[in-house]
Amino acid sequence: MIICLCGLLGGALMWAAGLHNNPSFFGTPRWLGLIALFVISAAELLRRTAPLIGLGMGTAALAMDVVSGGLAATMLMYTDLIYASVIYSGPVAARRLPRICGLVTALATVVPLAVFRDPLALLAGAFVALLTLTPAWTGAVVRDHREEAAAARLEAERIALLAELDRREAVVSERARMARELHDMVANHLSAIAIHSTAALSLKDPAATDEALGVIRENSVRGLAEMRRLIGLLRDPEDVREPAATSTLDALDTLLEQARANARPGGQDIVLADRRPDGAAPLPAPVELAAYRVVQESLTNALKHAAPGRVDVTLAHRPDGPLEVSVISPYADRSGPRAPGSGTGLIGMRERVTLLGGTLDAGPVTGPEGTVWRVLAALPLGDESAQRLS
């Protein structure tokens, strides 16, 4: 609207003052230039909504203006119509308009030179280039920059969306990992507390009750310490203190001693058989942690659910094969309601083993000595699998 009004007002003042670019051709009256000015001003109103229609109207108006004497305002508005057509028209027209303008400029340069054979005829080509080719090229450059900016914005939005999805996935994964760690650290202590508190309530022997209360107190203190350590890490993510040592298979003896102490009187006898070859290379840290947690959770389940008898914990590692962790306990088919949260330990073990690319089987197995509950985990030691939990 502003371009239309300014061009119309400026062109009308030029026409009234007689400021024409050239004499009229073929006796064309001067007032025809005024009509052309009104037409091209109206075409300016279509520069965004229908740029090609506006360009067609402007071309016809420019022809009338040239033969009637020519106004600078009309020519300036025509250059704007070409620029707007390249910017706001469809992609096909935007590509073709600069080529058409280049062809028109070439014809305006070659034809007058061939007809008049005068170097001054080259000025016609220069004038047509300023009138058509220059705004077309300018519009093409601006359109390319706008399209590149739009593509960059879309790419930035896509990257931001992917980053948000990755963040959410990382949060979910971290929450699952924290749930596994919390369960593995605290469930063993709480199971021992539940077992011995039941024994303390059922036994009438003061000595046995005192022993059960001692085990309850020890497991309560250990469970609270583990909980405080984990909550401290969650509350202070910038804590620069040295983290607690990661559980390894070297600590299995301590774990088994603790399980034996937590067992109910006349309960399970826990035996470790380490069949790994001497001098073997150290295990990757994620594999060793997963193996430790499998043994820990299996012993916790054995203390809660297994029948009295022997519990065999076996570690085996064949050359170029996975680390095999086996925990076999007497099977007790107990009917009745299950405790809340039952089965969570098996889910956590399976998640740990699956993240390393291994397999885990857990369930009753019938053998020569009857039915036993067997947990068998195979943990691959390849670099790719070993780094999945790191």
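- As recorded by an unreviewed UniProt entry, the protein chain carries the name histidine kinase and is attributed to Streptomyces demainii.
- Checking UniProt for the protein chain, the heading Catalytic activity (unreviewed entry) contains the comment "ATP + protein L-histidine = ADP + protein N-phospho-L-histidine."

### Some details on the pairing of strand β5 (residues 370-379)
And then number 1: Relative to β5, strand β3 (residues 323-330) runs antiparallel, the two sharing eight bridges. When the sheet's bridge partners are listed, V325 is paired in β5 with A377.
And then number 2: In textbook terms, the turn of a hairpin is the stretch between consecutive antiparallel strands, and for strand β4 (residues 359-367) and β5 this stretch comprises two residues.

### Side note on the pairing of β4
And then number 1: Where β4 lies against β5, nine bridges are found, and the strand directions are antiparallel. Following the sheet pairing, T359 is matched in β5 by A378.

### Focus on the UniProt feature "transmembrane region" (unreviewed entry) in the protein chain
And then number 1: UniProt annotation of "transmembrane region" (unreviewed entry) refers to residues 28-46, 53-77 and 120-138 when read in the numbering used here.
And then number 2: End C-alpha to end C-alpha, residues 53-77 measures 14 Å, and it is 84% helix and 0% strand.
And then number 3: Spanning residues 120-138, this segment combines 89% helix with 0% strand, and its end C-alpha atoms are found 27 Å apart.

### Description of the nonpolar core
And then number 1: Counting residues in hydrophobic clusters, the biggest one holds 31 residues, and the most contacted among them are L249, V294, V295, L299, L323, V325 and L379.
And then number 2: Elements supplying a minimum of two residues to this core: α8 (252-262), α9 (285-305), β2 (309-317), β3, α10 (344-355) and β5.
And then number 3: Ignoring sequence-local partners within four residues, the contact set of L323 consists of L249, R276, L283, V287, A291, A316, H317, A377, A378, L379 and L381.
And then number 4: Core analysis: the next-biggest nonpolar cluster, separate from the first, contains 20 residues, A36, L62, Y78 and L133 among them.

### Remarks on the packing of helix α1 (residues 2-17) against helix α2 (residues 31-44)
When two helices pack together, their arrangement is captured by the angle between the axes and the distance separating the axes.
And then number 1: Look at α1 against α2: their axes get within 8 Å of each other, and the N-to-C directions meet at 170 degrees. When the axes of α1 and α2 are compared, the pair comes out roughly antiparallel. For the pair α1 and α2, the contacting residues are I3, C4, G7, L8, G11, A12 and W15 in the first and W31, L34, L37, F38, S41 and E44 in the second.
And then number 2: Partitioning the contact of α1 with α2 into residue classes produces nine nonpolar, three polar and one charged.

The rules behind the values
- The numbering scheme is per chain: residues are counted from 1 as the chain's sequence reads.
- Where local features are concerned, this predicted model is filtered to residues with pLDDT of at least 70; where side-chain atom pairs are given and counted, the filter is 80 or more; whole-chain, interface and lining totals use all residues.
- As a rule here, side-chain values cover all heavy atoms of the structure and leave hydrogens and water aside.
- UniProt positions are given in the numbering used here, feature names are shortened, and annotations may be inferred rather than shown by experiment.
- Strand pairing is assigned whenever DSSP identifies at least 2 bridges connecting the two strands.
- Each helix is a run of DSSP H or I of at least 4 residues and each strand a run of E of at least 2, with the numbering of both proceeding from the N terminus.
- Each nonpolar core is a collection of buried residues, namely Ala, Val, Leu, Ile, Met, Phe, Trp, Tyr and Cys, held together in the definition by side-chain atoms within 4.5 Å.
- Note on exposure labels: buried denotes an accessible area under 20% of the residue type's maximum, exposed denotes more than 50%, and partly exposed covers the range between, all computed with a 1.4 Å probe on protein chains only.
- Contacts between residues were defined by any pair of non-hydrogen atoms, one from each residue, lying within 4.5 Å.
- Geometry is summarised by axes, namely lines fitted to C-alpha atoms with helices restricted to the contacting stretch, and by angles between N-to-C directions that run from 0 to 180 degrees.
- Every angle not falling under 35 degrees, over 145, or within 65 to 115 is termed oblique; those three ranges are roughly parallel, roughly antiparallel and roughly perpendicular.
- Side-chain classes are defined by residue name, with Ala, Val, Leu, Ile, Met, Phe, Trp, Tyr, Cys and Pro counting as nonpolar, Asp, Glu, Lys and Arg as charged, and the others, Gly among them, as polar.

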